[in-house]
Amino acid sequence: MSNTNDLTTAQREAVHALLARFPVADELGRRFAQAGHDIHLVGGSVRDALLGRLGDDLDFCTDAHPDETLRIVKGWAEATWETGREFGTIGAFRDGLRLEITTYRAESYDGVSRNPAVQYGTSLSDDLSRRDFSINAMAVSLHDHRFTDLYGGLRDLHERMIRTPKAPEQSFGDDPLRMLRAARFAAQLRFVVDEPVIRAMSDMSGQLTRITAERVREEFSKLLLGEDPVTGLRLLVETGLAEIFLPELTELKMEIDEHAQHKDVYEHTLTVVQNAVNLDIADGGPDLVLRLAALLHDIGKPATKAVGSDGRVSFHHHELVGARMAKHRLKLLKYPKDVISPVVGLITLHLRFYGYGRGEWTDSAVRRYVHDASELLARLHKLTRSDCTTRNRRKAAQLAADYDALEERIARIAAEEDLAKVRPDLDGNAIMELLGLPPGPLVGKAWKHLKEVRLERGPLSQDEAEHELRAWAEDNL
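We now turn to the structure provided with this report. The shown structure was predicted, so the numbers you read here are calculated from the model rather than taken from an experiment.

Within the secondary structure layout, N136 lies in the loop between α5 (124–129) and β8 (138–141). A relative accessible area of 5% means that N136 is categorised as buried. A polar side-chain atom of N136 sits 2.6 Å from a polar atom in the side chain of R47. Looking at N136, its side chain comes within polar contact range of the side chain of D132, at 3.0 Å. For N136, the contacting residues outside a window of four places in its chain are G43, G44, R47, R131, R181 and F185.

This is the structure in structure tokens:
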């Protein structure tokens, strides 16, 4: 067992800073001590404090059972909840913090689901032995601030290594979601996964099917939002975990033969993801929609690959096929519509830019690009720039210059025409008055025609708009 004396000065200060920042912890410790119970700060809160990453997520473990925990916090907590009671967890709200207090556990698993048969433990060591990784199996007593580390978590923090407290096969057999969590922590913390852990992930990847789509989605999203998602994604593919819930990623590793050369789509995709990470971090923070679009933007290529008579490889309409595939996969993973819709839109549009540099785009084409992208335009800029992964410096510089020019042109036209709110030059009331129409489908059709003219030609004068409407009416009424 490690104790406080094993900590470096900086780490002791980190533990002290954690407890000093959240005085509710010591308050909670005093209440439990007065009731004759132990309580410890445990898990990610301790890990992050030692890494210098103080957060607001506070987890505690105690020898008190849920009823006793509720009695102890009654009158002190501003609110309590019992949604995790069946697993021994009581939630409490105090001073703007959400606190989770869980009775020591020593549960066993049925090997079929990830739900444990809850058995309360009798000691801190019981509880720590069931934690997913050693770096999450450290605790600090709220009574005397004593540091407990039974499984080398402090060592693994020093070595930046992800290991399990017990044999990884047993840990993952208890809860297969931990395999995905290993990849997630590699992405979030930039840690290395221990070789025995990787072997167990590979051997047991099929057991991930025991986990609900919602839980898989939650861990996968955290992986993508990590500082180094590419490392996590490689682990998923190399261990076979991706094949279980995201086979489209594995399928990007298409065979490339000497007679039909094309870009390595898998490596290209990971580079696009990294480029997107660089851009969204520079612009204020991780963007799940952008990163999902970067990851999935080329998943339609395997299904559309064709080799021409000249030996050249093509992927015609892979953006449309890929958009449909992405929509299907994201639905299976239970992502909400406000994530699925923009991801699908970005994949559909990600090739629209190519050809701009050849001088083929009219002002009308620029208007349509902005109109079709709508609220996705800023993300589409990032995705398109991320998709340029050529090693040819001259070509890369030309593509970047072309997109710079397009953005400047969009800005110029937008300033002149308010592109963000493209509307016909006559509204529905004016259309009905001019043509003598009652409300109905014909008014909508006339409105759409004027909008198409607006996109094609830009703003019209009142006389020009009325002339266009009358010309349309002659052919359609």
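Here the focus is the nonpolar core. With 111 residues, the main nonpolar core has F60, F220, L233 and L236 as its most contacted residues. The contact partners of F60, leaving out residues within four places of it in the chain, are A25, L28, I39, H40, L41, V42, L99, E100, I101, T102 and L142. If you look at the next biggest cluster of nonpolar residues, it comprises 10 residues, including M432, L435, L437 and W472.

A few words now on the packing of helix α23 (residues 441–457) against helix α24 (residues 462–476). Put simply, α23 and α24 touch, their axes get as near as 10 Å, and they point 130° apart. With respect to each other, α23 and α24 are oriented oblique. Remark: the crossing between α23 and α24 carries right-handed chirality. On α24, the residues that touch L442, K445, A446, H449, L450, V453 and R457 of α23 are E464, A465, E468, L469 and W472. Considering only residue class, the contact of α23 with α24 consists of 7 nonpolar, 1 polar and 4 charged.

The next subject is the sheet that holds β8. Judged by pairing direction, the sheet is mixed, and its 7 strands sit side by side in the order β3-β4-β5-β2-β1-β8-β9 without closing on themselves. On the outer flanks of this sheet lie β3 (79–81) and β9 (147–149), each paired with one strand and no other. Between one strand axis and the next, the sheet turns by 30° as a mean value, whatever way the strands run. Bridge count between strand β1 (residues 39–42) and β8: 3 bridges; the pairing is antiparallel.

Taken as a whole and judged by the stated rule, the model has 3 aromatic pairs. Between F133 and F185 the ring centres are 5.9 Å apart and the planes differ by 85°, which places this aromatic pair in the edge-to-face class. Highlighted residues: F133 in the loop between α5 and β8 and F185 in helix α8 (residues 177–189), separated in sequence by 52 residues. F185 gets classed as buried once you look at its relative accessible area, which sits at 2%. For the ring pair F220 and F245, a centre distance of 5.3 Å and an interplane angle of 70° mean the geometry is edge-to-face. On the criterion of sequence distance, the pair formed by F220 in helix α10 (residues 213–224) and F245 in helix α12 (residues 241–245) is long-range, its members being 25 residues apart. Of the two residues, F220 and F245, both sit in the buried class. A cation sits over an aromatic face here: R184 above F185, 4.5 Å from the ring centre.

Glancing now at the pairing of strand β5 (residues 97–103). Buried residues dominate β5, accounting for 5 of its 7 residues. Pairing between strand β2 (residues 58–62) and β5: 5 bridges, direction parallel. The residue of β5 that forms the bridge with C61 is T102. Pairing geometry for strand β4 (residues 89–94) and β5, over 6 bridges, is antiparallel. Counted as the bridge partner of G91 is E100 from β5.

This part covers the side chain of T269. When you line up the elements, T269 lands in helix α14 (residues 265–282). The contact partners of T269, leaving out residues within four places of it in the chain, are L252, A294, L295, H297 and D298.

Analysis parameters
- Residues numbered from 1 in each chain as written.
- Predicted model: local features only at pLDDT ≥ 70, side-chain atom pairs only at ≥ 80, totals over all residues.
- Heavy atoms only, no water.
- Helix = DSSP H or I, 4+ residues; strand = E, 2+ residues; numbered from the N terminus.
- Buried < 20%, exposed > 50% of the residue type's maximum accessible area, 1.4 Å probe, protein only.
- Polar contact = N/O pair within 3.5 Å; in protein donor to acceptor, adjacent residues only side chain to side chain.
- Contact = heavy atoms within 4.5 Å.
- Core = buried A, V, L, I, M, F, W, Y, C linked by side-chain atoms within 4.5 Å.
- Axes fitted to C-alpha atoms, helices over the stretch in contact; angles between N-to-C directions.
- Parallel < 35°, antiparallel > 145°, perpendicular 65-115°, else oblique.
- Left-handed = near helix turned anticlockwise from the far one by under 90°.
- Nonpolar A, V, L, I, M, F, W, Y, C, P; charged D, E, K, R; others polar.
- Pairing = 2+ DSSP bridges.
- Phe/Tyr/Trp six-rings, centres within 6.5 Å; stacked < 30°, edge-to-face > 60°.
- Lys NZ or Arg CZ within 6 Å of the ring centre and 35° of its normal.

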